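# Fold and geometry: a report
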Amino acid sequence: MSSQARLLPGTLDLLVLKAVSLGPLHGYGILLRIGQISERALLIEQGALYPALFRLVRQGLLKASWGTSENNRRAKFYELTAVGRKRLREETDGWNRLADAIASALAAQPEEI
Amino acid sequence: MKILFWFRSVAAGLFHRSRIEDEMEEELRSHIQHRADDLVRSGLDRATAERRARVEFGGQLRFKEACREALGGTFIESLIQDVRFSLRVLRKSFGFTVVAILTLALAIGANAVVFGVLNGLILRPLHVPQAGSLYGTEYGAGSGWQSYPNYRDLRDRNRSFDDLAAWKFVFVGVDTGNEPSRATAFATTGNYFDVLKLQPILGRFYHSQDEHGPNSAPYVVLSYGYWYSRFQADHDVVGRVVRLNKRPFTIIGVAPPGFYGTLLFVHPDFFMPIVNQEQVEGASLLNSRGSNGGIFEVFGHLKAGITPAQAAVDLNAVGVYLERTYPKEFAHKSSSLSPTGLNSFGRPVRAFVAGLMLLASLILLAACANLGSLFAAQAADRSREVALRLALGSSRQRILRQLLTEAVLISLVGGAAGLQSSVVLLQWLSAWNPFPGTPIHLPVTPDAKVYVVALALALVSAFLFGIVPVRQVLRTDPYQVVKAGPTGRIGRRATVRDALLVLQIAICAVLVTASMVAVRGLVRSLYGKFGFERNTMLASANLAMAGYSGDNVPDMQRRMIEAMETLPGVERAGLVNNYPPLAYGSGNTANVFKDETRDLSQSNVAAMPYRYDISPGYFDAAGTSLLAGRDFTWHDDEHAPPVAVVNRTFAGKLLGSVTDAVGRHYRMQDGTRIEVVGVVEDGKYLSVTEDQQPAMFLPFLRSPSSQAYLVVRSRRDPQELAAAIRRRLRELDAGLPVNTETWDSLLDVVLFPSRVATVSLGVLGMMGAMLSLTGIFGMAAYSVSRRRRELGIRIALGAQRREVLQAALGRAFKLLAVGSAAGLILGILASRVLVLNCSTTFMY
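## A word on the confidence of the model for chain A
- Of the residues in chain A, 90% reach a pLDDT of 70 or more, and the chain-wide mean stands at 83.
- When pLDDT is averaged over each helix and strand of chain A, the minimum, 62, is found for strand β1 (residues 5-6) of chain A and the maximum, 90, for strand β5 (residues 74-80) of chain A.

What follows is the structure, encoded as structure tokens:
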């Protein structure tokens, strides 16, 4: 628990978009991909992924289709739509600006004031 | 766009629910399988791996619910869930549900009925094209009366109306070849149908071009209903000749269905040109500018862009011009406009219906207060259930939504029941003919608007009483409630309900007081002094209907009176021209001047007494007591000096006192000097609620009229007497249609408005009383059941019966006292307003 950070609210959607942007994935695959690209630093409750996926599909950011997985099982694959790609770009920029701002705020030293 | 999306997903959620559920199921299963595959690869056996994968995944149901919510179809689904659950809860507390539904059914039903009346009489326009711009003119104190010459000047001199039409009532004997019968018709100006922009469904209408002076257009246009009932919808009716009061008229057309004339609650049998009015009424009104009996209403379409206020200014300007030009015959009274359909009845009807609407909404408010407190009580009873649900992770919003669903369900069922009964009642009212033999109807058939209003009222009331327990639920602390049970804080928590109960009792007390005042008023007016005996028998006959004219009329009338006096058991008989006092709200007034007045212009008028032309013996027959002087004799005819008998008020107003009056003189509009020969007691003339009015009685021989009422005093059984009267009159002239009725039954018509008012107020008052009873009962029963444990302990500790009662019911009684006191005070204040309102309302 201590080695894994909890997700800030709203960041799950961004992570899902990022994971899917690298290629179509099914739900479990998305979890694995997020674990892989975050170097297992982020904790995501497995079930909590699905409401987020349904929400993103409904917003038109993702599209879903049934296919066969690498394990030879039927699975629902998600990929980014054009809108989703645009949203990912915007959110990434926004996140970076926020993170930079917070990082520099936190890095402030007494003598700099 | 978003809305569209939402709709689509809602629709998809509804129609493909099972498919989506299946897919969701499969997707989650696939996830767990994939995870298990990984776990197997790390060395676990398949069964352990699958169990472990499921545990890691977490609560599937919870996530599915979240997924459904994310999909958007959830609103409808949770609504269905809420409805199902509410139904179960409501079935469990059956008594509460029934009481709540009945209460609402009554309250919403009452509102729907009142709204139906409002809708039928005020909101719904006449069934003619562009009814919105159709306005009728009113003169002075809300009356449409006008003379025909004045109408013509108004029509030609105004600049605000496209065209002005006018009409008056005529009551005629119709002879179609077989049995003669009476009918009510509109005598209209030639342009009547053109102003209304109507087309006949059969034959043609008459037009202005058909009018070529008096009695030039002997045509009849049948109303659809009369064509149907009297002529069996015969298509060959056009061209047929019928006799109206013995004069031949040709049927030229039939008006369309749905057109019942231009007065909402009187449906004429047919229409005829007003230029032929003399043929059916015996005397021409076309040239007498001073007679306001010529026209009942003048109306027309406003020109485009003209407001009713501008038109009224225009009409008043014409009125001022007319007064200047004809000072002896016309006194201008300020005019106003009102939508055609109710004419001079509009004001009182509107005031009355508005008052009813107010009372009905008070009833609904009281019902909501009642249900609100019941609901809050019920919610408090269920605080344990609410706490459990909160503890298990349900959101407060969801619980509130469910409570509100219960409220909406109850109010919808109650509203439907109320609407159902109100529709039945309204349909009965529209079919009802309050005075058999008259064309009076209440056009209150319910339409879509009534349904919509009832639905809206149901929803509004659901929210009103549904939000009462909200605060209670929001404050619920699951931990406390589950641990300790629903105890303590009774006193504090009851305050909202207390306020509601006080409010409700106050409202109900207002209603009850108001209805009591109304009933007392009616009773008082029923047993007041009318100035005549109410069980006197009346027989109306219009000699014009049998072809009499000129000198034949008074001769025949004298023979009729003498014939009545020879009937066994008859003490005295007399006659009054046109209508006796208090009949059908009709009364003629005339201007009189003091004897010394020389300039007989409108500004010098000393009084406007009611005028009755009567035969010798009328006062005896009617039971009107003579205070001084003498009755008329058969010698008081056109050859004798003009004389009059006046009532006490007239004598007091013009002639000093009763004893001084006899022998003194006054003047009529035409300058005639009249000697007062007698004084009679005061009476009621136009309405039973009027203040004492002056009246004068003139000898009928000086101004004969073919329409008259015979007044017959007898101790015989009314039905026998009526039959004997009809038999004797048939012996005199078999072709004369005669109606017999007691004076009492004519009073029914005059008292109808106040009866209607009293009945409606009484019903509303009773509902108010019932509501407050159930409210108090519910509150007391609830507080006792809540404190049963406490009361038990008190008894166990030795409390006396009286103390226990006081503990249990003291509060309820205190609230009752506060509420009733407030309600009584308000009620007395309100009834003052009501009485004022009613007395002005029922003048007409």
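Having put the structure on the table, let's press on.
## Some words on the nonpolar core
Residues and elements named next belong to chain B.
- Membership of the largest hydrophobic core comes to 77 residues, with the highest contact counts inside it found for Y192, F193, F259, F271 and I410.
- Looking at this core, the elements that each hand over two or more residues are α6 (94-123), β2 (165-175), α8 (192-195), α12 (346-381), α14 (396-431), α15 (448-466), α19 (495-526) and α25 (743-786).
- The leading source of residues in this core is α6, at 14 residues.
- If we ignore the near neighbours within four places in the chain, the residues touching F271 are F186, T188, Y192, F193, Y206, Y219, V220, V221, S223, A255, F259 and G261.
- Among the nonpolar cores identified, the runner-up in size contains 42 residues, and Y135, A183, F231 and V242 belong to it.

## Side note on the environment of P446 of chain B
All names here are of chain B.
- As for its placement among the helices and strands, P446 is situated in the loop between α14 and α15.
- Classification of P446 as buried rests on a relative accessible area of 15%.
- Between the C-alpha atoms of P446 and F115, which are 331 residues apart in sequence, the distance is 9.2 Å.
- Filtering out sequence-adjacent residues up to four positions away, P446 remains in contact with V423, L426 and Q427.

## Regarding helix α2 (residues 27-37) of chain A
Residue and element names in this part refer to chain A.
- Most of α2 is tucked away: eight of the 11 residues are buried.
- For α2, the complete set of buried residues consists of G27, Y28, G29, I30, L31, R33, I34 and G35.
- Remark: E39 follows α2 within two positions and exhibits a positive phi of approximately 50 degrees.

## Things to note about the sheet that holds strand β4 (residues 62-68) of chain A
Residue and element names in this part refer to chain A.
- Taken together, the three strands give an open sheet; going across it, the order is β2-β5-β4, and neighbouring strands pair in antiparallel fashion. Taken across any chain shown, the strands that pair with only one partner, and hence form the sheet edges, are β2 (25-26) and β4.
- Alignment of β4 against β5, held across seven bridges, turns out to be antiparallel. In the sheet register, S65 faces β5, and the bridge partner there is F77.

## What to know about the packing of aromatic side chains
Residues and elements named next belong to chain B.
- Summed over all chains, the structure comprises 35 aromatic pairs over all chains.
- Here the aromatic cluster, defined as three or more aromatic residues joined through ring pairs, consists of W167, F169, F171, F186, Y192, F193, F205, Y206, F259, F271, F296 and F299.
- Positioned above the aromatic ring of Y219 is the side chain of R204, whose terminal nitrogen or guanidinium carbon lies 5.4 Å from the ring centre.
- In this structure, R558 packs its charged tip against the face of W634, placed 4.1 Å from the ring centre.

## With respect to a nonpolar patch on the surface
- A cluster of nonpolar side chains, namely W95, L98, I102 and L106 of chain A, defines an oily patch on the protein surface of about 420 Å² accessible area.
- Within the fold, L98 of chain A resides in helix α4 (residues 82-106).

Conventions adopted
- Residues numbered from 1 in each chain as written.
- Chains lettered and ligands numbered in written order.
- Predicted model: local features only at pLDDT ≥ 70, side-chain atom pairs only at ≥ 80, totals over all residues.
- Heavy atoms only, no water.
- pLDDT = per-residue confidence, 0-100.
- Helix = DSSP H or I, 4+ residues; strand = E, 2+ residues; numbered from the N terminus.
- Core = buried A, V, L, I, M, F, W, Y, C linked by side-chain atoms within 4.5 Å.
- Buried < 20%, exposed > 50% of the residue type's maximum accessible area, 1.4 Å probe, protein only.
- Contact = heavy atoms within 4.5 Å.
- Pairing = 2+ DSSP bridges.
- Phe/Tyr/Trp six-rings, centres within 6.5 Å; stacked < 30°, edge-to-face > 60°.
- Lys NZ or Arg CZ within 6 Å of the ring centre and 35° of its normal.
- Patch = residues over 30% accessible without salt bridge, like charges linked within 9 Å, V, L, I, M, F, W, Y side chains within 5 Å.
- Areas by Shrake-Rupley, 256 points an atom, 1.4 Å probe, with all protein chains shown as cover.
- Salt bridge = Lys/Arg side-chain N within 4 Å of Asp/Glu carboxyl O.

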